[in-house]
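Coordinate inspection notes
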Amino acid sequence: MVLQAIQDGWLKLARQNISPHFDERPKQVDVDLLVIHCISLPCGNYGTPYIDDLFLGKLDPNTHPDFQDIYQLRVSAHLLIRRDGEVVQYVPFDKRAWHAGVSQFQGREKCNDFSIGIELEGTDTTTFTDEQYQQLAEITGHLMMLYPKLTKSRIVGHEHIAPGRKTDPGIGFDWDHYFHSLEKRA
Ligand SMILES: [Zn+2]
């Protein structure tokens, strides 16, 4: 059953909303890093359609002053986990999503090449919901089965691979709670 949770790079439980912001991973690269992010648009507002819009390249700059600076960004993530636990998938796992930007993990640059990016709906300074931790742990378990080189020590925050530039998922993300949930389901 668990093996079928992901088919052809798509998580079955997710709602698909395909982003044009992706490309091929380099050849012969193993996916062996998971990057946790957070996002909300406008910052601190939940349940809006604007994250989808941003990742699909359809964000209207006139909707909110903050959007003027970001609407032209060509960014995406593989997944978004909303506050209520709903999961949206924008890019299949075998393709390269554009979530990490300039980044480095253990001396390796361009983390997008070899990572999965998961966004949690939230902010860099506030807490996340139980539904989000549950879904994240569940999905992480599926990804670890699909990509055996993706181990617990290779799960990081965006802030860890782009220090000084990024602060997400931030101080409100409870890594102990996450890893505990992950072990419980194993
Ligand atoms: Zn991020």
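It should be noted that the structure appears before, not after, this text.
A short tour of the structure in this document, coming up.

Criteria and cut-off values
Residues numbered from 1 in each chain as written. Predicted model: local features only at pLDDT ≥ 70, side-chain atom pairs only at ≥ 80, totals over all residues. Heavy atoms only, no water. Core = buried A, V, L, I, M, F, W, Y, C linked by side-chain atoms within 4.5 Å. Buried < 20%, exposed > 50% of the residue type's maximum accessible area, 1.4 Å probe, protein only. Contact = heavy atoms within 4.5 Å. Helix = DSSP H or I, 4+ residues; strand = E, 2+ residues; numbered from the N terminus. Expected span 1.5 Å × (residues − 1). Phe/Tyr/Trp six-rings, centres within 6.5 Å; stacked < 30°, edge-to-face > 60°. Polar contact = N/O pair within 3.5 Å; in protein donor to acceptor, adjacent residues only side chain to side chain. Pairing = 2+ DSSP bridges. Axes fitted to C-alpha atoms, helices over the stretch in contact; angles between N-to-C directions. Donors = N, O, S within 2.8 Å, 3.2 Å for Na, K, Ca; no water.

Focus on the nonpolar core
Core analysis: the largest hydrophobic core is formed by 27 residues, its most contacted members being Leu34, Ile36, Ile118, Leu143, Phe173 and Tyr178. Ignoring any residue separated from it by four or fewer positions in sequence, one finds isoleucine 118 in contact with Leu34, Val35, Ile36, His37, Leu79, Ile81, Leu136, Ile139 and Leu143. Counting 15 residues, the second largest nonpolar core, distinct from the first, contains Ile51, Phe67, Ile70 and Tyr90.

Focus: helix H2 (residues 130-146)
Relative to the 24 Å expected for 17 residues at 1.5 Å per residue, H2 spans 24 Å between its end C-alpha atoms, a close match to the ideal helical length. Every buried residue belonging to H2 is among Gln132, Tyr133, Gln135, Leu136, Ala137, Ile139, Thr140, Gly141, His142 and Leu143, and all of these are buried.

A short note on the packing of aromatic side chains
Given two aromatic rings, their pairing is described by the distance between the two centres and the angle made by the two planes. Applying the stated rule across the entire model yields nine aromatic pairs. Consider the rings of phenylalanine 173 and tryptophan 175, whose centres lie 4.7 Å apart with planes at 80°: the pair is edge-to-face. Tryptophan 175 matches phenylalanine 173 in its accessibility class, with the two residues each being buried. Aromatic pair tyrosine 178 and phenylalanine 179: ring centres 5.1 Å apart, planes at 20°, arrangement stacked. Of the residues examined, phenylalanine 179 reaches a relative accessible area of 16% and is grouped as buried.

Quick notes on the side chain of histidine 78
Position of histidine 78 relative to the elements: it lies in the loop between helix H1 (50-55) and strand S6 (79-81). Separated by 3.5 Å, the side chains of histidine 78 and arginine 25 make a polar contact.

What to know about the sheet that holds strand S12 (residues 155-157)
Two pairing modes exist for strands in a sheet, parallel and antiparallel, and in both the strands are linked by backbone hydrogen bonds. Spatially, the six strands line up as an open sheet ordered S3-S7-S6-S11-S5-S12, and their pairing is mixed. Pairing within the sheet leaves two strands with one partner each, and these edge strands are strand S3 (15-16) and S12. Note: S3 against strand S7 (residues 87-89), two bridges, orientation parallel. Note on S7: the bridge partner recorded for arginine 15 is valine 88. Sheet strands touched by helix H4 (residues 175-185): strand S5 (33-39) and S12. Its angle to S12, the strand with the most contacts, is close to 155°.

Describing the coordination of the zinc ion
The zinc ion binds to the protein through His37 (ND1), His158 (ND1) and Asp168 (OD), with metal-donor distances spanning 2.0 to 2.2 Å. Sequence positions of the donors to the zinc ion reduce to the motif H-x120-H-x9-D. With histidine 158 in helix H3 (residues 158-161) and aspartate 168 in the loop between H3 and H4, the pair connects residues that are 10 residues apart, well separated along the chain. For aspartate 168, a relative accessible area of 5% puts it in the buried group.

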